[in-house]
Structures are given as C-alpha cells and as structure tokens.
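Listed here are the chains, written in short residue letters.
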Amino acid sequence: MESGPEVFAGAAFALFGVGLLVWTGVCARTGAPVAEGVSRPVATVTVLLSGVVFLATGGWLLAAL
C-alpha cells in the first residue's frame, strides 16, 4: 500500500527529467532559446543538470521498491 505514492512520485520525477533532457536537446539542435532572458550556455547547463537530477531521483525512488 505504501509503495503506490512512491511509484507515482518516481514515475513523475523520471518523466519530468526525461522531458527536460529531450526539450533541451531539441532547443540546442534547432538554435531556439532554452530560457528567455538568460545566456544560452548558462541556461543549457542549468537545465541539463536539473534534468539529470530529476531523472536520478526518479530512478532512485523506483529502485527503492
């Protein structure tokens, strides 16, 4: 019973992390701005690190079952 919320949270974190990584990759390939009002290298690195952290957190939550 207690693993239900953990599975949901893990899946949500993992999906959000993958979404951030894919979105950043598409923006970098097409030359679109990653974040408005921020320099491209800073925004790209920040979003990539955030995506990896979210993906790792989701994986950790799903592996802890």
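Residues numbered from 1 in each chain as written. Predicted model: local features only at pLDDT ≥ 70, side-chain atom pairs only at ≥ 80, totals over all residues. Heavy atoms only, no water.

A. Looking closely at the environment of Leu20. Mapping Leu20 onto the fold places it in helix α1 (residues 3-30). Taking the relative accessible area as the measure of exposure, Leu20 reaches 15% and is therefore buried. Sequence-wise, Leu20 and Gly51 are 31 residues apart; in three dimensions their C-alpha atoms are separated by 5.2 Å. Beyond its immediate sequence surroundings of up to four residues, Leu20 is in contact with Val47, Ser50, Gly51 and Phe54. (Helix = DSSP H or I, 4+ residues; strand = E, 2+ residues; numbered from the N terminus. Buried < 20%, exposed > 50% of the residue type's maximum accessible area, 1.4 Å probe, protein only. Contact = heavy atoms within 4.5 Å.)

B. Region of interest: the packing of aromatic side chains. Inspection of every chain in the model, using the stated rule, returns two aromatic pairs. With centroids separated by 5.6 Å and ring planes inclined at 25°, the aromatic side chains of Phe13 and Phe54 adopt a geometry described as stacked. Linking Phe13 in helix α1 with Phe54 in helix α2 (residues 40-63), this pair joins segments that are 41 residues apart in sequence. Using a relative accessible area of 27% as the deciding quantity, one classes Phe54 as partly exposed. Relative to Phe54, the ring of Phe16 lies with its centre 4.8 Å away and its plane at 80°, an arrangement referred to as edge-to-face. Of the two residues, Phe16 sits in helix α1 while Phe54 sits in helix α2, which places them 38 residues apart along the sequence. Phe16 sits in the partly exposed class, given a relative accessible area of 44%. Among the aromatic side chains, those forming a connected cluster through ring pairs are Phe13, Phe16 and Phe54. (Phe/Tyr/Trp six-rings, centres within 6.5 Å; stacked < 30°, edge-to-face > 60°.)

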